[in-house]
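Structure at a glance
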Amino acid sequence: MNRCQVWIKNTQNQQKKDNKAMWISILGCSGGIGPGNRTTSILIDDDILLDAGSGVGDLQLQQMSRIRHVFISHSHLDHIAFLPFLVDSIFSQIKQPIQVYGLPETIKALRDHIFNWVIWPDFSELPTKDNGVMSFNEVSAGDVITIDQRSITVVPVEHIVPGIGFIVTSENSKHFAFSGDTATNDSLWHALNQLDNLEALMIEAGYPNSMEKLGTLAKHYTPRSLAKDLKKLKHKPHLLISHIKPGLEIQISEDLHQELKDYQLTCIKSGDSLQFD
Ligand SMILES: [Zn+2]
Ligand SMILES: [Zn+2]
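Residues numbered from 1 in each chain as written. Chains lettered and ligands numbered in written order. Predicted model: local features only at pLDDT ≥ 70, side-chain atom pairs only at ≥ 80, totals over all residues. Heavy atoms only, no water.

The chain is annotated in an unreviewed UniProt entry as 3',5'-cyclic-nucleotide phosphodiesterase of Oceanospirillum sediminis.

Right under this line is the structure:
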């Protein structure tokens, strides 16, 4: 059965036991902050990060220094806030630059507004101009980046700033998809329908149905708009619901269970992990 195989809680010290198994650790997936809430950040095995929200701050220094690749879905603060601290923290720990991937617009935003020597130093030029601790890589829709037998496919989505999601494929050809932030669209579903199988889909539902107007303005899904778009999908993945606004958890959860009765769904939280055998 094509499902994520194991759920484990609080696996920060979990070691990868089987070389072919892929681990997904949810460091953060909340739509806000507060006790227990961390913003979007997902660790693949121990070396690939999808988004760099406040969940990164719970990693040990040693774990941070093992991260070699960071894929950024879009430029919003809840997805990038801890990238500056990450590169600063591991500055003296690593020999090769950490590779940061994003749309050209996202890379430009990071350069212009964060790593601009005012808010934070430009770590792509530190310690020296030709040997920075971080290196920016522009990606576009459809790109596939392969890293040690795992591949990351870039998928366009529909958000208030240019945004992408990612399909992560394990060595065993299992797929984990992450939507990033998005409202109703066709591109994500089209890309997912090209896959032979889809085990798990981490997708956002930032607002309850009662706040659909605001959700549409901010370009986020509500359970209702998500349910409508899921009709475009040929797979029945385990849905991992993320980006829920603090204070709206009960309302959104009730809406989800009403709208998505046919799906296996979990409102994930930081500390959750999945293993793909
Ligand atoms: Zn956003
Ligand atoms: Zn967000």
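1. Digging into the overall build of the chain
Where we set the bar: Under the scheme used here, helices are H or I runs from DSSP no shorter than 4 residues and strands are E runs no shorter than 2 residues, and both carry numbers assigned from the N terminus. The size measure is the radius of gyration over C-alpha atoms, and the globule rule it meets is 2.2 Å times the number of residues to the 0.38 power. Relative accessible area decides the class of each residue, using a 1.4 Å probe on protein chains only: under 20% of the type maximum gives buried, over 50% gives exposed, and in between gives partly exposed. For this analysis, residues touch if any pair of their heavy atoms sits within 4.5 Å. Surface accessibility in these figures is a Shrake-Rupley result with a 1.4 Å probe; residues are shielded only by whichever protein chains are displayed. In this charge count, Lys and Arg are treated as positive and Asp and Glu as negative; neither His nor the chain ends contribute. Think of each charge as sitting on NZ of Lys, CZ of Arg, CG of Asp or CD of Glu.
Of regular secondary structure, the chain possesses eight helices and 17 strands. Against the 2.2 N^0.38 benchmark of 19 Å for 277 residues, the chain shows a C-alpha radius of gyration of 18 Å, consistent with a compact globule. Once the C-alpha set of the chain is aligned to its principal axes, its extents read approximately 55 × 40 × 35 Å. Per-residue burial for the chain yields a buried fraction of 55% across its 277 residues. Taking contacts inside the chain between residues at least 6 apart in sequence as the whole, the part at least 24 apart equals 62%. Taken as a whole, the chain presents about 12,300 Å² of accessible surface, with 51% of it coming from carbon and sulfur. Between the mean site of the 25 positive side-chain charges and the mean site of the 32 negative ones, the chain shows a separation of 4 Å.

2. A closer look at the coordination of the zinc ion (ligand 1)
Under the convention used in this document: For Na, K and Ca the donor cut-off is 3.2 Å, while for other metals it is 2.8 Å, and in both cases only N, O and S atoms qualify; water is not among them, so sites may look incomplete. Under the classification used here, a metal with four donors is tetrahedral if each angle lies between 85 and 135 degrees, square planar if opposite donors are over 155 degrees apart and the others between 65 and 115, a six-donor metal meeting that same test is octahedral, and anything else is irregular.
The coordination sphere of the zinc ion (ligand 1), as far as protein atoms go, consists of His 74 (NE2), His 76 (ND1), His 159 (NE2) and Asp 181 (OD), spread over 2.2 to 2.4 Å. Classification of the site at the zinc ion (ligand 1) as irregular follows from its four donor atoms and the range of 88 to 165° in their angles at the metal. Between the donor residues of the zinc ion (ligand 1), the gaps in sequence give the motif H-x1-H-x82-H-x21-D. Separating the zinc ion (ligand 1) and the zinc ion (ligand 2) is a distance of 3.5 Å, and Asp 181 donates to both of them. The buried category is assigned to His 74, whose relative accessible area is 1%. Its relative accessible area of 24% is what places His 76 among the partly exposed residues.

3. Looking at the sheet that holds strand β15 (residues 238-242)
We count it as follows: Criterion used throughout: strands pair if DSSP finds at least two bridges between them. An axis is simply a line fitted to the C-alpha atoms; with a helix, the fit covers only the stretch in contact. Between two such axes, the angle follows the N-to-C directions and lies from 0 to 180 degrees.
On the basis of which strands lie adjacent, the open sheet formed by seven strands has the order β10-β11-β12-β13-β14-β15-β16 and mixed pairing. Of all the strands in the sheet, just β10 (144-147) and β16 (265-267) have a single pairing partner and so form its edges. Averaged over all adjacent pairs, the angle separating strand axes in this sheet is 20°, with direction ignored. For strand β11 (residues 150-156) and strand β12 (residues 164-169), the ladder comprises six bridges, and the chain directions are antiparallel. Directly across from Thr 153, in β12, lies its bridge partner Ile 167.

4. Some words on helix α4 (residues 104-113)
Worth spelling out the cut-off: By definition, the arc is the one covered by directions from the helix axis to the C-beta atoms.
When α4 is considered as a whole, its buried residues turn out to be Thr 106, Ile 107, Ala 109 and Leu 110. Buried residues of α4, viewed axially, fall in a sector of 160°; they line one side. Elements that come into contact with the buried residues of α4 comprise α2 (77-80), α3 (83-89), β6 (98-102) and β9 (134-138).

5. Looking at the coordination of the zinc ion (ligand 2)
Within the protein, the zinc ion (ligand 2) binds to Asp 78 (OD), His 79 (NE2), Asp 181 (OD) and His 243 (NE2); these donor distances fall in the range 2.0 to 2.2 Å. Because the angles between the four donor atoms bound to the zinc ion (ligand 2) fall within 90 to 168°, the donor set is best described as irregular. Sequence positions of the donors to the zinc ion (ligand 2) reduce to the motif D-H-x101-D-x61-H. Assessed through its relative accessible area of 3%, His 243 is described here as buried.

6. Describing helix α8 (residues 249-259)
Those residues of α8 that sit buried are Ile 252, Asp 255 and Leu 256. Looking straight down α8, one finds its buried side chains confined to an arc of 100°; they lie on one side. Exposed side of α8, more than 90 degrees from the buried face: Ile 250, Glu 254 and Gln 258 are the residues found there. Residues of α8 that are buried sit in contact with α7 (223-230), β15 and β16.

7. Section: the UniProt feature "domain: Metallo-beta-lactamase" (unreviewed entry) in the chain
Defined as follows: UniProt positions are given in the numbering used here, feature names are shortened, and annotations may be inferred rather than shown by experiment.
The positions that UniProt labels "domain: Metallo-beta-lactamase" (unreviewed entry) are, in the present scheme, residues 38-210. Along residues 38-210 the backbone is 20% helical and 29% strand, and the end-to-end C-alpha distance reaches 24 Å.

8. Section: the environment of Phe 71
The residue Phe 71 is located in strand β5 (residues 69-71) in this model. When near neighbours in sequence (up to four residues on either side) are disregarded, Phe 71 contacts Ile 48, Leu 49, Leu 50, Asp 51, Tyr 101, Ile 145, Ile 147, Ile 152 and Phe 166.

9. Some points on the pairing of β10
The side chains of a regular strand alternate, residue by residue, between the two faces of the sheet. Burial of the side chains of β10 is restricted to one face: Ile 145 and Ile 147 are buried, whereas none of Val 144 and Thr 146 on the reverse face is. Pairing of β10 with β11 involves four bridges; the strand directions are antiparallel. Looking at β11, one finds that Ile 145 is bridged to Ile 152. Here β10 folds back onto β11, and the loop between the two strands holds two residues, one of which, Asp 148, carries a positive phi near 45°.

10. Topic: the side chain of His 235
So the rule is basically this: Any pair of N or O atoms that falls within 3.5 Å is considered a polar contact. Within protein, one atom must be able to donate a hydrogen and the other to accept it, and sequence-neighbouring residues count only if both atoms are side-chain atoms.
With respect to the helices and strands, His 235 occurs in the loop between α7 and β15. Assessed through its relative accessible area of 8%, His 235 is described here as buried. Within the local environment of His 235, its side chain forms a polar contact with the backbone oxygen of Leu 192, the two atoms lying 3.0 Å apart. A polar atom in the side chain of His 235 sits 3.1 Å from the backbone oxygen of Leu 195.

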